[in-house]
Number of protein chains: 2
Amino acid sequence: MDETQDARPGRVRRRPSARPSAAIDIDAGARYSKLRNPFDPIRVFSDDEVENIHVSALSLLESAGMRVLSAPARARFAAAGADVDESTQTVRLDRGLVETALATAPRTFELQARVPRRNVTIGDRHLAIAPVVGPPNVLDRERGRRPGTLKDFCDFIKLCQHYPSIHILGGCVEPQDVALNVRHLELTHAQLTLSDKPPFIFCRGSGQIADCFALICLAHGIPQEEFVKHAYAYTVVNTNSPRQLDTAMAEGIIDFAQAGQMVIITPFTLAGAMAPVTIAGALTLAHLEALVGITLAQIARPGAPVVYGTFTSNVDMKSGAPAFGTPEFTKACFGAGQLARRLGIPWRSSNATASNCPDAQSAYEAEMSIWGAVLAGCDVMLHGAGWLEGGLSASLEKFVLDIEMLQMMAELFQPLTATPEDIASEAILGVDPGGHFFASPHTMQRYRTAFYTPLVSDRRNYGQWEAAGAMSAAERATAIWKKVLGEFEAPVLDTSAVEALTAYVQRRSHEGGALPPS
Amino acid sequence: MDETQDARPGRVRRRPSARPSAAIDIDAGARYSKLRNPFDPIRVFSDDEVENIHVSALSLLESAGMRVLSAPARARFAAAGADVDESTQTVRLDRGLVETALATAPRTFELQARVPRRNVTIGDRHLAIAPVVGPPNVLDRERGRRPGTLKDFCDFIKLCQHYPSIHILGGCVEPQDVALNVRHLELTHAQLTLSDKPPFIFCRGSGQIADCFALICLAHGIPQEEFVKHAYAYTVVNTNSPRQLDTAMAEGIIDFAQAGQMVIITPFTLAGAMAPVTIAGALTLAHLEALVGITLAQIARPGAPVVYGTFTSNVDMKSGAPAFGTPEFTKACFGAGQLARRLGIPWRSSNATASNCPDAQSAYEAEMSIWGAVLAGCDVMLHGAGWLEGGLSASLEKFVLDIEMLQMMAELFQPLTATPEDIASEAILGVDPGGHFFASPHTMQRYRTAFYTPLVSDRRNYGQWEAAGAMSAAERATAIWKKVLGEFEAPVLDTSAVEALTAYVQRRSHEGGALPPS
């Protein structure tokens, strides 16, 4: 068999029929549910350059500072010794204050799930993956593109629960059929009843956050005093780049930090738009903004679990439109990972694409994002599955394709061994020149678990593939998410807990819920 | 602007209209035509494991050896001191003979092109990329899948000539409308007249190889004595795994080595089929076979330019079908790169996929292959653009998609700087909180060349994209290859050289050409 000419289907010997495909049932869950990154991070900056970016950000924080729109947040900064100009809402931090905050931020911590085996380690070379967060629209091949609903949100949570390579939940799509004042109740109720993985909460005001925390206590069957001892949930705080932190986000940092819950602080710095056109400049701005958020969290509660988030990409030079999974995006990952390690804080990256459909572009931009994250030492990957269209749609088919890509990366994390049995000299001696290893005892003992079993990838020859409908990977993905949703069974949760959650949602909805700050 | 909610198209400010898109015309050629890999290779094996694989291969070569079907090749092995069993056509090499060969194989060398700026460095961290080699079929969206013709072959060579990220040519598709005895003449004539990049030659017998070498001398205007002083062309030798080297391949090694031309020796070891089911075992077998080819080349001419090729992947466990771009494929890259560095010889990898169409699978398998190659320290990437369907089709759309992926990787190779101007403290100070950098002087000075300009990727918002036909990346790729072919102009070649090439092809065709060994 020859790589260029003779690899025709007819030339490939098929396995003996004694090996039914049903026999191939590997426990992939164990390999995907706890991921530890074996690769040394790539460095694009020298240590001096990392230090220059860090020091430049500190200098900018001292001289220019950040506009913080929340008066309570400014008051906390002032009480901690920051220079606060109330007339311009500007907070200037000296480097001592920042360094004090960094000293108390944990290098690693644990997110508690409802069942201990679902607990998620953040930091220490682990990779925790969350699904897409935030799109207003949902997209699939059968129903097209449409505003998200609560049912769509629930479908995504079911997929998150099903796939072991998703470790924490997310606000996968905005349920626009649920009013804003009660939406947080429904989102949290759905996550807690359809999954036993740690939930995501939006920062939309203290009233909503308090409701969500209360629901988590009910699901875990723990009182508030116990809740604040461990991290059970997380949120994402986006600064309003450049150099502005809005009210809901500032108060979210305080509420989450005080409750000991995980906050990912992510400036969204598009180079050439809300950030300098240079990647180093965009990272400097992002670093400055992240330091403000991290400092606020540590002022609110020293030791609060925070994650240094980066979402630095570039705009399209012709149109100004956001671009993702670009070479600049990947380089920014490498640089941001270095900055996070300089701080000693877990780092969050993303799996993003600007593509409008689950095509080749969506896949190669996702791979550029995933490899960028992994090779930069990513601790938390947000938007790990389902993100499409620059984050404006959550796609069911893209979710499945992303799971395939994530599983392939998870397999790559597994060590490659070279024991004498792996090197297989005896097996090689046992097969004559020009023969094959299909029936070798060495093969027979190992074939069931030797290789990754794909989710969507199709290796049939052209004729077989064409006869089966000539479907692209995106087309095949439809049947996969439908099957998972069709067979979904919610994880066990005490009836009393379910009743308590439902009663809480009903009562608070009746009371009018809670609106985000205007 | 917020990563999860406010990134809606209407919210993104467009660039001032003073920036016409026509102004964006960067000279990408300079960045893509010479690639040097900046990344430290990933190691999956310990030094001991690498040594164990190498020593195991040497032991197997001594005890079991390799079947070499060519009598002249066996004679050369015997003359060099190998143990040759003519009754079984088996050649057993002791490790001293192999080590002597490795000592003369060059670590780096130069492939000469018709114009010096097209010369290609092999080794020394450079990455040389070739297109797909060998498919019998051609595939595009307009004409479907069909047997390759000479016109198709010429089209692929035109694309190779056009894109600077393709550095050396390839046997992109089999022109089945040209008889085998003259096919080599037409393939070489087409490469030499449509491109000034180093050509590819199939190993199909000494007669054909001599013709191809003669044509190259005519194109370069050099005599045979000059030709053998430098490498001007290359071939790929596939062993007939396991442990067999066929006649055409063995004689190709000798002919190319004696003429000082580059030979890539690539065992095609599919774990679980023609090789052990373990990746370490498949690599051990591949290593053993490559050493036989390298040794034969160095026996034929010490110092002959050889490349250690690896094409180790796995079969699908259910069907036995070949799989590519899998996690096992990527791991095998990492291990093979280590083995090549142990030998001190340039290493060849591939960009491969089992997908039958240019969809998401084809892209994520390609990315797994490209990243695997790059992170393993690949010196020559074969099948860099256009490979589809496990190598059974050359796809015009996949060619374009691959070029996009290769260009993105090439951009990633460019250093990321963090000078004070890059860090951009002044620019950050110059933009108010919540403002934007579109009109910043720092942006205005740099925006033209700040970011990669994509070839196929579409960053338009959903509405614009839908209005333009809602095309996938593969669909958009069609217009791109058609435009390149429509506007193609062959590089300058002396009229006398063209006439000499054409006359040679006519004469040799009239004489009956040359058939491959049966």
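This section reports on the structure supplied with the text. (Residues numbered from 1 in each chain as written. Chains lettered and ligands numbered in written order. Predicted model: local features only at pLDDT ≥ 70, side-chain atom pairs only at ≥ 80, totals over all residues. Heavy atoms only, no water.)

Concerning the overall build of chain A
Along the backbone of chain A there are 19 helices and 19 strands. In terms of overall dimensions, chain A is globule-like: its C-alpha atoms have a radius of gyration of 24 Å, near the 24 Å expected for 518 residues. Of all 518 residues assigned to chain A, the portion counted as buried reaches 67%. Long-range pairs, those at least 24 residues apart, make up 77% of the contacts in chain A between residues at least 6 apart in sequence. Here chain A has roughly 16200 Å² of accessible surface; of this, 51% comes from carbon and sulfur atoms. Charged side chains in chain A number 47 positive and 56 negative. The centres of these two groups are separated by 3 Å. (Helix = DSSP H or I, 4+ residues; strand = E, 2+ residues; numbered from the N terminus. Rg over C-alpha atoms; globule rule 2.2 N^0.38 Å. Buried < 20%, exposed > 50% of the residue type's maximum accessible area, 1.4 Å probe, protein only. Contact = heavy atoms within 4.5 Å. Areas by Shrake-Rupley, 256 points an atom, 1.4 Å probe, with all protein chains shown as cover. Lys, Arg positive; Asp, Glu negative; His and termini not counted. Charge placed at Lys NZ, Arg CZ, Asp CG, Glu CD.)

A few points about the interface of chain A and chain B
At the junction of the two partners, chain A supplies 146 residues and chain B supplies 147 residues. Across the chain A/chain B interface, buried area totals approximately 12200 Å², and carbon plus sulfur atoms make up 65% of it. There are 2 salt bridges connecting chain A and chain B. Residues A:Asp316 and B:Arg459 are paired through a salt bridge, measuring 2.8 Å at the closest nitrogen-oxygen approach. Linking chain A with chain B are 32 residue pairs in polar contact (both at pLDDT 80 or more), by the criterion used here. Examining the composition of the side of chain A that touches chain B, we find that 9 residues originate from one element, helix 12 (residues 360-375) of chain A, more than from any other. Its residues placed into classes, the side of chain A that touches chain B shows 74 nonpolar, 41 polar and 31 charged. (Buried area = accessible area lost by both parts, 1.4 Å probe. Salt bridge = Lys/Arg side-chain N within 4 Å of Asp/Glu carboxyl O. Polar contact = N/O pair within 3.5 Å; in protein donor to acceptor, adjacent residues only side chain to side chain. Nonpolar A, V, L, I, M, F, W, Y, C, P; charged D, E, K, R; others polar.)

Considerations on the side chain of A:Arg114
Residue and element names in this part refer to chain A. By the element assignment, Arg-114 lies in the loop between strand 5 (109-111) and strand 6 (120-122). Reaching out from Arg-114, the side chain makes a polar contact with the backbone oxygen of Leu-192 at a distance of 2.9 Å. Discounting chain neighbours no more than four positions away, the residues touching Arg-114 are Leu-192, Ser-195, Asp-196, Ala-219, His-220, Pro-491, Val-492 and Leu-493.

A word on the relation of the copies chain A and chain B
In screw terms, the move from chain A to chain B is a rotation of 180° and a rise of 0.0 Å along the axis, fitting with an RMSD of 0.0 Å. Taken together, the turn and the small shift mark the pair as related by a two-fold rotation axis. Closest approach to the rotation axis among the C-alpha atoms of chain A is made by A:Ala360, whose C-alpha sits 2.0 Å away. When the interface residues of chain A are mapped onto chain B, 100% of them again fall at the interface, so both copies present the same face. (Least-squares fit on C-alpha atoms with pLDDT ≥ 70 in both.)

Focus on unusual backbone geometry
Residues and elements named next belong to chain A. The residue after Ser-241, namely Pro-242, is reached through a cis peptide bond having omega 0°. Among the structural elements, Pro-242 can be located in the loop between strand 10 (234-239) and strand 11 (244-245). In this structure, Gln-89 takes a positive phi of about 60° despite not being glycine. Along the chain, Gln-89 falls in the loop between strand 3 (83-85) and strand 4 (90-92). Of the residues examined, Gln-89 reaches a relative accessible area of 26% and is grouped as partly exposed.

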